[in-house]
Amino acid sequence: MRPLPGVPAFVVDVVRSLLAVLAAALVAGAVIALLGYPPVEALRALLGGALGSGAALTATLLKFAPLLLTGLAVSLCFRCGVWNIGAEGQLYAGALLATILATKLMPSAPGWIAVPALVAASALGGALWASIAAALRAGRGVSEVISTILLNFIALQLVSLAVHGPLQEVSGAYPQSDALTAAFRLPAIGRLHMGIPLAVLLAGASSWLLFRTAIGFRMRAVGLSPTAARFAGIEPDRQLMSTLALAGAMAGIAGGVEVAGVTGRLFESLSPGYGYTAIAVALLARLHPLAVIPAAFLFAVLEAGGAAMQRGAGVPSVATDVLKGVVILLSIGMALGRQRSRGRETGALGAIGETV
Amino acid sequence: MSRDATGEPTRVSLQGIDKTFVPGRPVLRRVDFEIARAEIHALLGENGAGKSTLMNVLIGLIEPDAGSMRIDGRPVDFGHFAPSDAADAGIAMVHQHPTLVAAMTVEENMCFGDRRGGARFDPAAASSRLRTLVERYGLEVPIGGRVDTLSVGQRQRAEILRALDRGAKLLILDEPTAALTPGETEALFPALRRLRDEGCSIVFISHKLAEVEALADRVSVLRRGERVATLAVAELDARELGRLMLGRDLPGVARRVAPVAVEPRPVFCLRDVWTTGPRDGSSLEALELELRAGEIFGVAGIDGNGQRELEEMLAGVRPLSHGVIEVAGTPVEPGVTSLRSHGVSLLSGDRERAGLVAGFRLWENWALKCSRDGPPYFPNGLLAAVAARRDVGTAIERFAISPSDPDAEAGTLSGGNAQKLAVARELSGSPRVLVAVNPTRGLDVGSANFVHEQLLALRDRGGAVLLISTELDEILALSDRVGVLARGRLHGLSVGADRAEIGAAMLGGRAA
């Protein structure tokens, strides 16, 4: 698709993403029909399960917050040309440090300091975890694609080790941490915790950083053309380090928010793969932090609605995985089409198209 | 060393070779080229003279538009002359950048593309054949060693051995000494002479006069797609060769003399500047340069003699290992941000990759080099889009850049318009010094003239221009003084140096 003259680029982007979703829905519908289930009914069950009631909507919003935060982490990195596949590990690292703080370091902290400290600790945990990959890349030239993926497994195993060992609840009944004290639980209305508006706020802040500040300008310059950036006095390695740390902090907050806002404890299967779905979220949003909001919401609907679809229409919830996969492929495919229509480097999305 | 090769039968003869890629700009024009049996034939020429194209015709990569070729007296049908046919005829080329598989041993590499053994992969047999060749020619290579553990010289010797193993009777060596240390170069020559004495023909592409004199029997010179001379090495003379390579001074290229008196005190100096890098003659060595306000200093030279290293060093991308950059007497750190703050602009020679960010809008490219400056485009670390849009708009109007929308992406600009944008950006803020690297590469005549006018205008306003270009005509047309960059060293020439003298300096010969 060639960009139309006179149509702002972001309108074209929005239309492309909506088309990707629509096409993915059709393909998923076809798959469901082929499996022998009525697609319209399945869709109704899915949407009903995600949005149909107050409780359903709440469940969706609870999934929306970590998807948004990790989606931002991926978007910021991809914008800077850093292929961070490690949001999942960064989420767990944030959750781990937050839990250590809340259950071991200062379990009796008063409420006014407990929550800010917990959010800060989770951000720090994620940032440190991501910085390992940054240091390996800047110092040793290790591809961050590999290191962030491997760090995901290490983070997961560390959490496993912690909840089977030093962090395990005092009763020793299950492999999970002690429950956080009330002071550390995020303020909430019903089950809707403060992490949800915080995530939306951070999306706005990310957008501002990326498009309105010198730091964001340098990040984007490096992402679009590392060579030109270097010739303009920007050091790609420095941008890489700061961007990965920032992204790690976002993903880490997702982990902290999950523990302090939803589960109240740390355990092994804290995240159903938010950090991986985040890649699809970021691509569908075309790496724009504000667009990550609706993209994350869409995937939250799929996550929450998939189970309902299985219950309501008997359709295996893997059908939603098909939907997710098709969305990713179409997002990348359209980026490729755009690149070819111009025959030039288009930066992050184009590079994804090239590498995939 | 010179032998009368004409009496011997010809190995390969090319007659009337024409090749044009872009209509109206022929790369080869009725080139006749003969390589005798048992001779080392040097091939000289500027960048773009047609050397590579001619060699690619020889090895079957390029089919010429017209002309004929005979190998050992037998005519060749260009329509059915693939690289494999050239290889079967015993023609092999050793490229500047070795083409061995890095993760495999030398002997394993020998088996690739070797069709004698059918589908068999037999490194042991290759190994024993190699050992014989190594001993015979003294081309030392660790046969069992992985290619990526080999030095550049060893890899090159391995390539030559591979060619010999295939029974090459005509070896084409593309600047074989460019990446070699002096010791390795000395070791290579006896092997080549021995090959020649056994009847092998060698085409030796080089820019170094001393090597041509030491090794070759005959020299052919290409200039703008035409073979202008073939000489016996005994007849060589550096000035004459330089003249042949670059042509006579064109009448009518008016040199515009600086209207204002050049200030005696230099505004921009490089003092004893060295850069690190591969020892291929492209690292800068003991570079001395003084640039005065109100002059254009032209740095000529053949590509790969340190132009890129100089640009990268100034941009802060390549470390300055020794020496000082001085602006108006003050030592200045290399790097775009630091140089800009002292009024030195750098117009990159690679606008597509280094000069502009293709995915950035025009106004973002306008602000690109200022991201550490603060005002006007980044006050308090914030991006002042309004100011950048306004200023790029002014430049778009003044320089007639198309498209004229500040929000257009730079990647959509044509080469000429992209360069206009880059020039406008580097000239904004009235720099004292402009370093321009190949400022008109790839531009049409109109855009090139425009860029030239801008450089002259800056000089006439009292600015200083360091013009680094591989286009000699451009250097001669614009420069008040001229130097030549050869093997990482800058050779200053007397005012009014002619083409012969410049050519001799490019070849590293003594400017008589």
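Everything numeric here is computed off the predicted structure, so don't read it as measured data.

Cut-off values and rules
- Residues numbered from 1 in each chain as written.
- Chains lettered and ligands numbered in written order.
- Predicted model: local features only at pLDDT ≥ 70, side-chain atom pairs only at ≥ 80, totals over all residues.
- Helix = DSSP H or I, 4+ residues; strand = E, 2+ residues; numbered from the N terminus.
- Rg over C-alpha atoms; globule rule 2.2 N^0.38 Å.
- Buried ≥ 20, exposed ≤ 12 C-beta atoms within 10 Å, placed from the backbone.
- Contact = placed C-beta atoms within 7 Å.
- Pairing = 2+ DSSP bridges.
- Axes fitted to C-alpha atoms, helices over the stretch in contact; angles between N-to-C directions.
- Nonpolar A, V, L, I, M, F, W, Y, C, P; charged D, E, K, R; others polar.
- Parallel < 35°, antiparallel > 145°, perpendicular 65-115°, else oblique.
- Left-handed = near helix turned anticlockwise from the far one by under 90°.

Examining the overall build of chain A
What chain A contains, in helices and strands, is 14 helices and two strands. Its C-alpha atoms give chain A a radius of gyration of 20 Å, near enough to 21 Å, the size a compact globule of 356 residues would have. Within chain A, buried positions represent 53% of all 356 residues. The long-range fraction of contacts in chain A, counting pairs at least 24 apart against all pairs at least 6 apart in sequence, stands at 77%.

What about the sheet that holds strand β6 (residues 91–94) of chain B?
Residues and elements named next belong to chain B. Reading across from one edge, β6-β7-β8-β3-β9-β10 is the order of the six strands in this open sheet, with mixed pairing throughout. Only two strands of the sheet have a single neighbouring strand rather than two, namely β6 and β10 (226–232). Taken pair by pair, the neighbouring strands of this sheet meet at an average axis angle of 20°, ignoring direction. As defined by bridge partners, strand β3 (residues 40–44) adjoins strand β9 (residues 218–223) across four bridges and the pair is classed as parallel. Bridging from a neighbouring strand, His41 pairs with Arg218 of β9.

What about the sheet that holds strand β11 (residues 266–275) of chain B?
Residues and elements named next belong to chain B. Strand order in the open sheet made by the four strands is β12-β11-β14-β15, with antiparallel pairing throughout. Looking along the sheet, the strands with just one partner apiece sit at the ends: β12 (287–292) and β15 (330–332). Within this sheet the neighbouring strands show an average axis-to-axis angle of 20°, counted without direction. Summarising the sheet, β11 and strand β14 (residues 320–327) pair through six bridges and their orientation is antiparallel. Paired with Trp274 across the bridge in β14 is His322.

Examining the interface of chain B and chain A
Facing 24 residues of chain B, the contacting portion of chain A comprises 21 residues. Looking at the side of chain B that touches chain A element by element, the count peaks at three residues for helix α11 (residues 351–355) of chain B. Here the side of chain B that touches chain A is composed, by residue class, of twelve nonpolar, nine polar and three charged.

Quick look at helix α1 (residues 51–58) of chain B
An α-helical turn contains 3.6 residues, so any two residues separated by three or four positions project in the same direction. All names here are of chain B. Here α1 lies mainly inside the structure; six of its eight residues are buried. Residues of α1 that are buried include every one of Lys51, Thr53, Leu54, Met55, Val57 and Leu58, and no others. At the exit of α1 stands Gly60, carrying a positive phi of roughly 80°.

What to know about the packing of helix α4 (residues 87–105) of chain A against helix α6 (residues 144–164) of chain A
Residue and element names in this part refer to chain A. For the pair α4 and α6, the least separation of the axes is 7 Å and the interaxial angle reads 30°. As judged from the angle between their axes, α4 and α6 are roughly parallel. For the pair α4 and α6, the sense of crossing is left-handed. Along its contact with α4, which presents Glu88, Gly89, Tyr92, Ala93 and Leu96, the element α6 presents Thr148, Leu151, Asn152, Ile154, Ala155, Leu156, Leu158, Val159 and Ala162. In the contact of α4 with α6, the residues fall into ten nonpolar, three polar and one charged.

Read these as geometric descriptors, not functional statements.
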